[in-house]
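# Geometric and topological summary
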Amino acid sequence: MLNYSVKIESVKDLIELKNIANRYHIKGMINQNDFHGNMKSVLSNLIYLPLEDASIVIDDYKDSQVSYITKAIQKFTA
């Protein structure tokens, strides 16, 4: 399981996270307090913006992709 602390401020960030999830065929959740949203869903996560102190938990990935996923998510790390 991969866990990243992130800051998501805009719709553009949500769309980019969705693109990362689709590109690497991963499944992940965005969590902050009582909010738990799917990483691939833009509209349902939109109402909770900004996510200032969120975490992304990725549990379905290939071991060979870890460095690529980490590099892609690095932009959002808090």
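The structure under discussion appears in the preceding block.
Below is a short write-up of the structure. Quantities reported herein were computed from a predicted structural model and do not represent experimental measurements. (Residues numbered from 1 in each chain as written. Predicted model: local features only at pLDDT ≥ 70, side-chain atom pairs only at ≥ 80, totals over all residues. Heavy atoms only, no water.)

### Section: the overall build of the protein
If you tally the helices and strands in the protein, you get 3 helices and 4 strands. Order of helices (α) and strands (β) in the protein, N terminus to C terminus: β-α-β-β-α-β-α. Dimensions of the protein along its principal axes, counting C-alpha atoms only, are 35 × 20 × 20 Å. Taking all 78 residues of the protein together, the buried fraction comes to 40%. Sequence separation of at least 24 residues holds for 66% of the intrachain contacts in the protein that already meet a minimum separation of 6. Just so you have it, the protein exposes about 4800 Å², and 49% of that area is on carbon and sulfur atoms. Taking the 9 positively charged and 9 negatively charged side chains of the protein as two groups, their mean positions are separated by 10 Å. (Helix = DSSP H or I, 4+ residues; strand = E, 2+ residues; numbered from the N terminus. Buried < 20%, exposed > 50% of the residue type's maximum accessible area, 1.4 Å probe, protein only. Contact = heavy atoms within 4.5 Å. Areas by Shrake-Rupley, 256 points an atom, 1.4 Å probe, with all protein chains shown as cover. Lys, Arg positive; Asp, Glu negative; His and termini not counted. Charge placed at Lys NZ, Arg CZ, Asp CG, Glu CD.)

### So, the pattern of salt bridges
A full pass over the atoms with the stated rule returns 3 salt bridges. Between lysine 7 and glutamate 52 there is a salt bridge, with its nearest N and O atoms 3.7 Å apart. With lysine 7 in strand 1 (residues 2-8) and glutamate 52 in strand 4 (residues 51-60), this residue pair connects regions lying 45 residues apart in the sequence. Residue classification places lysine 7 among the partly exposed positions, given a relative accessible area of 34%. (Salt bridge = Lys/Arg side-chain N within 4 Å of Asp/Glu carboxyl O.)

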